[in-house]
Structures are given as C-alpha cells and as structure tokens.
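A structural walkthrough
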Amino acid sequence: MTMDVVSVGLAVDEQLRVKKHVLEPDGYDGSGKRICIVTGTHGDELEGQYVCYEVNRRIREHKECLKGRVEIYPALNPLGVDSISRGIPMFDLDMNRIFPGSEGGSVAEHVAAKIVQDIAGADLCLDIHASNIFLREIPQARINVNVAEGLLPFARRLNLDFVWVHAAATVLESTLAHSLNSIGTPTVVVEMGVGMRLTESFCHQLTDGIFCVMKDLGIWDGETIEPKEPIVSEDGKVGFLNAGAPGIFVPCVEHWRNVEEGELIGRILNPLEGTVEEEVRAPIHGMLFTLREYPVVSCGSLLARVLGGDYE
C-alpha cells in the first residue's frame with residue numbers, strides 16, 4: 001500500500017509529494033512492532049534506493065514471514081532525487097538541516113514537520129545515507145553518545161563493519177535523527193558508499209542486517225543471517241586528514257585497510273605547475289574507513305578518516 005506522507009502545491013500545477021510504502025501481514029490488527037526505513041534526504045545519495053527496493057522485494061516474496069509493520073520512505077527529498085541535487089532545489093536548503101520543521105513555516109519546514117509526525121512512535125527508524133560525491137565510506141552506523149545505550153543494540157545487529165559513537169558536541173540538532181531521538185523514536189543513522197553511485201555489495205550487506213533487526217523486533221520470522229560483529233569506536237579514536245593546499249588529490253592506498261602513522265596516503269598535485277603541493281600522511285596508526293573519492297580539493301577539504309588501533 002502506497003501512501004502520501006505530505007503533499008504541497010508548487011508552481012505550474014506541480015506537487016512536492018513525499019510517499020511511503022507500507023507492508024503489513026494479511027489481517028494485521030496493528031498490535032505488532034513498526035520499523036521505518038528512510039532515505040533520500042539528500043538527492044545525490046542513492047545507496048538507500050537500492051536497499052528500499054531489496055527490502056520490498058524480499059518481503060513480497062515471503063509475505064507469510066511478515067508479522068509487523070514495515071514503512072519504506074525511499075525519497076524524503078523527491079525534488080532533489082529527480083534533479084540530482086543534494087539539497088532541495090529552488091529553496092537552496094539542505095533538508096537535513098531544517099528538522100523538526102514547522103507546520104506553519106515555509107514549504108520545506110512544513111514538509112519536514114509532516115515527516116517527523118509520520119515517523120514518530122516507530123519502534124525503530126533507520127536513516128540511510130550514502131556519504132556524498134566527495135567521500136567513500138565503509139558501511140557504518142553513527143550514534144550520538146547521549147543516546148548510545150539505547151541504539152547500540154540495534155546498530156550491532158545491522159551487519160555493518162563499524163559503529164561510530166561520536167561526541168555530543170558534533171551533533172547537529174537540525175537533523176532528522178536528532179529530532180526523532182529527541183521525541184523518543186529510536187533512530188540509527190547509516191552511512192555507506194559514495195554519492196551518485198550504487199554499491200550493490202554494501203546494499204545487500206545492510207539489507208541482510210535490516211532483516212536481522214526485524215527478526216529481533218518480532219516483525220519478521222523468516223530466515224536471516226548471523227550478522228557480523230562490528231568494530232565499535234569512541235570519537236577520540238578517530239584521526240582526521242584535511243587538505244593543507246588546493247589541487248588534485250590522488251590517493252595511493254586502498255580504502256578500508258590498515259595504515260601506519262606517517263604512512264603516505266596520497267598526494268595533492270598542482271596541474272598548472274606540474275608540482276606536488278602536499279604529501280598527505282596518516283596522522284595515527286589504524287584503519288582507513290573514509291577516503292576522498294572526488295579529486296578536486298581546497299584548503300581544509302576532508303581527505304580521510306583513520307580509526308585508531310589494530311584491525312583485520
């Protein structure tokens with residue numbers, strides 16, 4: 001069953017319409033648990049689109065195993081997805097910076113408020129992102145330390161490689177996840193892959209984990225995998241690499257591998273003069289879990305993140 005979450009009139013008889021697909025067992029009386037799978041907040045993040053398709057497909061093929069309610073929101077920012085824009089076109093807004101919104105506010109704020117109202121009360125919300133066009137991320141969950149106790153059990157079961165419990169100081173209060181967690185709706189943020197691309201292996205990995213969590217919640221009683229045990233890290237164990245000069249960044253190491261402190265990660269090149277502007281070296285020993293994908297950089301551009309410690 002497909003439903004409108006919110007619909008707002010635009011110019012030239014067009015509509016900004018956010019939709020969701022609801023899956024329930026036959027004869028459902030509303031007594032089961034409810035999970036919301038949300039993506040497309042940024043129009044250039046497409047990994048979640050494939051996850052939505054795969055969750056839909058698997059449930060449809062084994063509908064008899066469904067015991068609760070699954071709500072799938074494939075595009076919270078449909079105008080952004082349609083126009084390949086990260087933000088909301090025409091409004092020049094990052095949608096994940098206007099939550100919880102306001103029903104009486106601008107069009108974007110009204111849409112944000114209606115989305116929060118619609119998801120509120122779910123037993124779990126998964127907010128799926130795909131980094132951006134600049135960075136490639138391993139499949140990971142990101143959790144604010146203030147809500148980690150309640151969210152870690154879910155994050156550990158999502159079949160991800162890494163769970164990053166980050167400091168409260170880095171939390172943006174205008175995000176969907178913060179807004180939902182603040183009203184008691186458990187929400188885990190997932191980041192994986194790279195913007196404007198699909199990484200099928202990552203999507204299948206997360207989908208397997210979603211069904212594990214659904215089984216834990218009593219929403220699904222079909223077969224599931226045994227999810228991998230993720231690395232769980234505190235914020236202080238992560239080293240950041242930022243560009244010290246503008247130019248073209250060319251990495252010389254592979255993503256998701258161990259690096260030594262001081263090891264060469266890549267070079268920033270000056271195409272005009274044919275020189276190397278900067279040799280970029282690992283700040284700490286550990287695992288390279290974020291790596292720059294888009295080569296053009298300015299001073300301060302994020303190039304990589306390294307998770308401190310020894311990992312396989």
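Quick caveat, the model's predicted, so the values are computed rather than measured.

**Re the packing of aromatic side chains**
This structure, assessed with the given rule, holds seven aromatic pairs. Look at Tyr50 and Tyr53: their rings are 5.9 Å apart centre to centre, the planes differ by 65°, and that puts the pair in the edge-to-face class. Of the two residues, Tyr50 and Tyr53 are both situated in helix H1 (residues 47-61); the distance of three residues between them amounts to about one turn of the helix. According to the relative accessible area criterion, Tyr53 is partly exposed, its value standing at 44%. Ring geometry for Phe134 against Tyr294: centres 5.4 Å apart, planes inclined by 85°, an arrangement best described as edge-to-face. Here the residue Phe134 occupies a position in the loop between strand S5 (124-129) and strand S6 (135-144), and Tyr294 occupies one in the loop between strand S15 (286-292) and strand S16 (296-297), the gap between them amounting to 160 residues. Through successive ring pairs, a cluster of aromatic residues spans Phe162, Trp164, Phe240 and Phe289.

**Some remarks on the pattern of salt bridges**
Applying the stated criterion across every chain, the model contains 24 salt bridges. Linking Arg17 and Asp4 is a salt bridge whose minimum nitrogen-to-oxygen distance equals 3.1 Å. Separated by 13 residues along the polypeptide, Arg17 in strand S2 (residues 15-23) and Asp4 in strand S1 (residues 2-9) bring together distant segments of the chain. One salt bridge connects Glu54 with Arg57, and the closest N-O pair in it is separated by 2.5 Å. With Glu54 and Arg57 both in helix H1 and three residues apart, the pair spans about one turn of that helix.

**Here we look at a nonpolar patch on the surface**
A cluster of nonpolar side chains, Phe134, Tyr294 and Val296, forms an exposed patch at the surface whose accessible area comes to about 250 Å². Its location among the elements puts Val296 in strand S16.

**Looking at the side chain of Arg58**
Among the structural elements, Arg58 can be located in helix H1. Judged by relative accessible area, Arg58 falls into the buried class, the value being 18%. Sequence-distant contacts of Arg58, that is, excluding residues within four places in its chain, are made with His204, Thr207, Asp208, Phe211 and Trp220.

**Brief notes about helix H6 (residues 200-217)**
For H6, with 18 residues, the first-to-last C-alpha span of 26 Å sits near the 26 Å given by 1.5 Å per residue. Those residues of H6 lying buried are Phe202, Cys203, Gln205, Leu206, Thr207, Gly209, Ile210, Phe211, Cys212, Val213, Met214 and Leu217. Two residues or fewer past H6, Gly218 is found with a positive phi of approximately 85°.

**Considerations on the pairing of strand S13 (residues 264-270)**
Within S13, five of the seven residues are buried, which leaves the element mostly enclosed by the surrounding structure. Pairing geometry for strand S11 (residues 247-251) and S13, over four bridges, is antiparallel. Residue pairing across strands places Val250 opposite Arg267, the latter belonging to S13. Relative to strand S14 (residues 275-281), S13 runs antiparallel, the two sharing six bridges. Of the residues in S14, the one forming a bridge with Asn270 is Thr275. Between S13 and S14, which follow one another and run antiparallel, lie four residues, and Gly274 among them has a positive phi close to 70°.

**Things to note about the state of the cysteines**
Per the stated rule, a full pass over the model turns up zero disulfides. Unpaired in this structure, Cys36 has its nearest cysteine sulfur neighbour in Cys125, at a distance of 5.6 Å. On the accessibility criterion, Cys36 (0% relative accessible area) is buried.

Definitions and limits used
- Residues numbered from 1 in each chain as written.
- Predicted model: local features only at pLDDT ≥ 70, side-chain atom pairs only at ≥ 80, totals over all residues.
- Heavy atoms only, no water.
- Phe/Tyr/Trp six-rings, centres within 6.5 Å; stacked < 30°, edge-to-face > 60°.
- Helix = DSSP H or I, 4+ residues; strand = E, 2+ residues; numbered from the N terminus.
- Buried < 20%, exposed > 50% of the residue type's maximum accessible area, 1.4 Å probe, protein only.
- Salt bridge = Lys/Arg side-chain N within 4 Å of Asp/Glu carboxyl O.
- Patch = residues over 30% accessible without salt bridge, like charges linked within 9 Å, V, L, I, M, F, W, Y side chains within 5 Å.
- Areas by Shrake-Rupley, 256 points an atom, 1.4 Å probe, with all protein chains shown as cover.
- Contact = heavy atoms within 4.5 Å.
- Expected span 1.5 Å × (residues − 1).
- Pairing = 2+ DSSP bridges.
- Disulfide = S-S within 2.5 Å.

As far as function goes, none of this settles anything; it's purely spatial.
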